[in-house]
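# Summary of the model geometry
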Amino acid sequence: MLKTVSGKIRCSRAGEVLLAEPYGPDVIRVRAALSEPDEERWTLLPPEKDSSSLTLEEDGGAVLRNGAVTLRVTRDGRLSFYNKEGETLLEEQWLLERDLPARQLRGLAGGLVHIEQNLRPWPEERFYGLGQEAHDLFDLKGAALDLCHQNTKSSIPFVLSSRGYGFLWNNPGVGRVEFGTSRTRWVADGAKQLDYLVIGGSGLGEVERNYCRLTGYAPPLPVWATGLWQSKLRYETQEELLEVAREYKRRGIPLSMIVCDYFHWPQQGEWKFDPRYWPDPAAMVRELEEMGVRLLVSIWPTVDPRSENFMEMRENNYLLRTERGPGTLTYCRGPETYYDPTNPEARDFVWSRVRENYCSLGVKNFWLDEAEPELDPYDYDNLRYWLGSGTQVSGLYPFYYAKTFYDGQRAMGQEEIVNLIRCAFLGSQRFGVVLWSGDIHADFDSLRRQIKTGLHVAVSGIPWWTTDIGGFHGGDPGDPDYRECFIRWFQFGAFCPIFRMHGFRSRPDRPAAPPYSMDSFCHSGGPNELWSYGEEAYAILRHYAEIRERLRPYIHRHLERASRDGTPLMRPLFLDFPEEPCWEIFDEYLFGPDILVCPVHELGRREREVYLPAGADWTDAASGQTRPGGQAITVSAPLERAPLFLRAGGEVTAEMLR
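Residues numbered from 1 in each chain as written. Predicted model: local features only at pLDDT ≥ 70, side-chain atom pairs only at ≥ 80, totals over all residues. Heavy atoms only, no water.

When you go through the protein residue by residue, the secondary structure sums to eleven helices and 39 strands. A compact globule built from 658 residues would reach a C-alpha radius of gyration of about 26 Å, and the protein, at 25 Å, matches this within 12%. Each principal axis of the C-alpha atoms in the protein carries an extent, and together these give about 80 × 70 × 45 Å. Counting only residues that meet the buried cut, the protein has 64% of its 658 residues in that class. Taking contacts inside the protein between residues at least 6 apart in sequence as the whole, the part at least 24 apart equals 70%. Taken as two groups, the 75 positive and 95 negative side-chain charges of the protein have centres that lie 2 Å from each other. (Helix = DSSP H or I, 4+ residues; strand = E, 2+ residues; numbered from the N terminus. Rg over C-alpha atoms; globule rule 2.2 N^0.38 Å. Buried < 20%, exposed > 50% of the residue type's maximum accessible area, 1.4 Å probe, protein only. Contact = heavy atoms within 4.5 Å. Lys, Arg positive; Asp, Glu negative; His and termini not counted. Charge placed at Lys NZ, Arg CZ, Asp CG, Glu CD.)

Put into C-alpha cells, the structure is as follows:
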C-alpha cells in the first residue's frame, strides 16, 4: 500500500516498510526496514531546506520532485530516479524470473537484517569514488569491492556516476558493492535498515558539491601546512629528529612539519614520550618552532595489557571487545586491543592523557595511525563496540577516532587543526584530517595505483590527501632504479594536496641494536631525507621543493574553496571536462583550475602521451608553447621534469613551474 505522509512517500508491502523523502536540495533519501525505519543519520549532517513537491498519480504511484532529481514510486513499491529533463538516472532491478524484489531484507539473530539493493546496470555507465584502495582501477564498473576498512583501504560508500548522479550508501557496517554487467548490487551484512541517498545536480561538479553539503567540509588548511612534511619510518631519539630539522635549515629548504613516529612511547596504551630517548620534548618543540617547523606526533589507539592505563580502561568499558574468544585484536609487541572511540567516555579518557602528556608540552598536531583499526584477523563479526556489533558499525572507527582529537583540540581553543590519519569514513573531513593511503609498496606499480587512489579520494569528499612519497615498504636509496622511482614519486607528490615524505627505507648495513633500546624491536630504517638519494636526485628533488614553495599561495586559495563548497584541489579531468576521452584518463589530473599534471609512472620513460582537454588552450610549462585543447600529443619527460601544462588565462605562470 502506498500513501503520502508529511511530504514523504510511505509504501508498505509484505515484510517491508519503505520511506522516500527529500533530504535537502537535489537529494532524495530512501529507507526501508522490516518494521518502521528509524531516523538514524549516522555521520550525515541534518538536511537543509528544500523546495520539493509530491504528487499522487492516477495509477496509484507517486512522484517526488526535488530540484535536479525526481523519484517515481509505483503502487507496488518499485523505484526509478530521473533528472530534470526526464532522463533516467537509475532504477531498481526487480528479478521477475525468480520472483525476487529489488530490495531484499532478511532478518538475522540479534535484531539485525541482511540487506541487498539491486539496481539496473547500464553498459556505458562509469563509477568513481568509494574512498581509497590500491586496486589499480579507475572506472569501477565491473568491480566487486568489499565495504570495510583495512590498512591501505578506506571504504567511503559514495560513488559518482557518469550518468550524472551520486549514490551514497548510508551504512557504516560491513558489506560489499558489485558494479556488474548483470546488475549493480549493494549489500549490508548486518544493519537495522536499508538507507541510501541519490544526489542530483546540473553537472558532476554540482553533484559533488551537493554530496559534500551532506557530509561536511574540511576546515581551511593553514598556509603553514602547504609545504614539505619530512618523515621516515622512525626517528629514534630527540636529537636525531632535531638534527634532521637543523640540516634542512642549514640547506635553506623550508619545512612545514617533521614527524615523531611510533614507538616513541614506553608502552602501547601509554600516550606519552619515553624519557630515555626524548628527554625534553618541550625544548624540542620550541626549537622546531623557532625554525618555522611544526612537530607531528604519532598516536596509536592500541592498548597493551601491560600499559598503565589498561586496567582502568577495561573496567570502564573503554576498550573494543570480542564477542567470543580472547580479547586480543592484534599483535605488535604483544597481544593488544584498541580503545573504543564510539564510546564518548573513552574518547574523553584518551584525550585527557594526550592533553596532559603532549599538549602541555606544546604539541598541536597528531598522526592518528592504525585508524581502521588494523586487526589480525579481520573478523568484524567478532567485534563489540559501545555503539553496536562490528558487523553493523565498524566503518565508524576512523570517524570517531578523528573526532576524539578534533573535539579535544577545539575545547582547548586550538583553531588550526591538522592531523594525519590512515583511514576515513563519510564526514571525516570535518575533523581536520589529512588522509594518507597507508603502508603501500615502494615501486612504480604502486606509484601508478596511487594516482588513481588520490583521484578516487577527491571524488569521495576528502580534499586533504597524501601518499608516502617513494612508497612505504622497501626502497633502497642506493639502487639506481629505485632512485628513479623516488624522483618520479616526488614530482607527483609536489602536486598532491599534502606534500609528504615517508617510508621504511632498506638499510643493509644497520648495526645490531643494544638490548635496552626500542631499536632492538623495530629499527628506524634507512635515511629518507632529500639528500639521501645522491647528488643528481637531490638537485631534482630540491627543484621540485622550490616549485612547491612558489605554489603555496595558489594551493592555499584552492583548498579554501574546498572548505567552502567541497571542490577538490586535486581532481579527475571529467569533473571540469566531461568529454568522452577524459573519463578514461587516470594519469593526468587537474591541480586547481589552472595546472594539468601528467606524472611519469614507468621506469626509463622519457616521453609520454598527454591529452589536452577540449574547451581550453594549454601552455607547456617547459617549452612555453601553447596548443588548443581536444588533442593528444607526445611530450618530452626527462628525469628532471614531469610534464605540466597551464590553462591559458589562469593565475599560474610557466615561470612558477620551472
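We now examine the packing of helix H9 (residues 480-493) against helix H10 (residues 535-565). Two elements in contact, H9 and H10, have axes separated by 10 Å at closest approach and are oriented at 5 degrees. Considered as vectors, H9 and H10 are oriented roughly parallel to each other. Taking contact as the criterion, the partners of Phe486, Ile487, Phe490, Gln491 and Gly493 in H9 are, on H10, Ala537, Ile540, Leu541, Tyr544, Ala545 and Arg548. (Axes fitted to C-alpha atoms, helices over the stretch in contact; angles between N-to-C directions. Parallel < 35°, antiparallel > 145°, perpendicular 65-115°, else oblique.)

Another aspect to go through is the pairing of strand S39 (residues 644-647). Direction of pairing for strand S34 (residues 595-597) relative to S39: antiparallel, over a ladder of three bridges. By the bridge assignment for S39, isoleucine 595 is matched with leucine 646. (Pairing = 2+ DSSP bridges.)

What the rule picks out here adds up to 57 salt bridges. Here arginine 103 makes a salt bridge to glutamate 92, at a shortest N to O gap of 2.8 Å. Here the residue arginine 103 occupies a position in strand S10 (residues 103-107), and glutamate 92 occupies one in the loop between strand S9 (88-91) and S10, the gap between them amounting to eleven residues. Under the relative-accessibility criterion, arginine 103 is labelled buried at 3%. Assessed through its relative accessible area of 8%, glutamate 92 is described here as buried. Salt-bridge contacts for arginine 557 lead to glutamate 651; the nearest nitrogen and oxygen are separated by 2.2 Å. Taken together, the positions of arginine 557 in helix H10 and glutamate 651 in the segment after S39 put the pair 94 residues apart, joining distant regions of the chain. Residue class for arginine 557 comes out partly exposed when judged on its relative accessible area of 41%. (Salt bridge = Lys/Arg side-chain N within 4 Å of Asp/Glu carboxyl O.)

Let us look at the confidence of the model for the protein. Of the residues in the protein, 97% have a pLDDT of 70 or more, and the chain-wide mean is 95. Averaged over each element, pLDDT in the protein is lowest for strand S24 (residues 330-331) (88) and highest for strand S15 (residues 165-169) (99). (pLDDT = per-residue confidence, 0-100.)

Attention now goes to the side chain of threonine 70. With respect to the secondary-structure elements, threonine 70 resides in strand S7 (residues 69-73). We classify threonine 70 as buried; its relative accessible area is 14%. Once residues within four sequence positions are removed from consideration, threonine 70 is found in contact with Ile28, Val63, Leu64, Arg65, Ser80, Phe81 and Tyr82.

Compared with the 16 Å implied by 1.5 Å per residue over twelve residues, the 17 Å span of helix H1 (residues 204-215) between its first and last C-alpha is a close match. The buried fraction of H1 is high, at ten of twelve residues. Listed as buried for H1 are Leu204, Gly205, Val207, Glu208, Asn210, Tyr211, Cys212, Arg213, Leu214 and Thr215. (Expected span 1.5 Å × (residues − 1).)

This brings us to the environment of threonine 337. By secondary structure assignment, the location of threonine 337 is in strand S25 (residues 335-338). On the basis of relative accessibility, which here comes to 6%, the residue threonine 337 falls in the buried class. Between the alpha carbons of threonine 337 and tyrosine 235 there is a distance of 25 Å; along the sequence they are 102 residues apart. Beyond its immediate sequence surroundings of up to four residues, threonine 337 is in contact with Pro301, Thr302, Val303, Phe310, Leu319, Leu320, Gly327 and Leu329. A polar side-chain atom of threonine 337 sits 3.2 Å from the main-chain carbonyl oxygen of leucine 320. (Polar contact = N/O pair within 3.5 Å; in protein donor to acceptor, adjacent residues only side chain to side chain.)

According to the stated counting rule, one finds 46 aromatic pairs in the structure shown. Relative to tyrosine 358, the ring of phenylalanine 273 has its centre 5.2 Å away and its plane inclined at 75 degrees; by these criteria the two rings are edge-to-face. Taken as a pair, phenylalanine 273 in the loop between strand S20 (257-260) and helix H3 (281-290) and tyrosine 358 in the loop between helix H5 (344-357) and strand S26 (365-368) lie far apart in primary sequence, 85 residues in all. The two residues phenylalanine 273 and tyrosine 358 agree in class, both being buried. (Phe/Tyr/Trp six-rings, centres within 6.5 Å; stacked < 30°, edge-to-face > 60°.)

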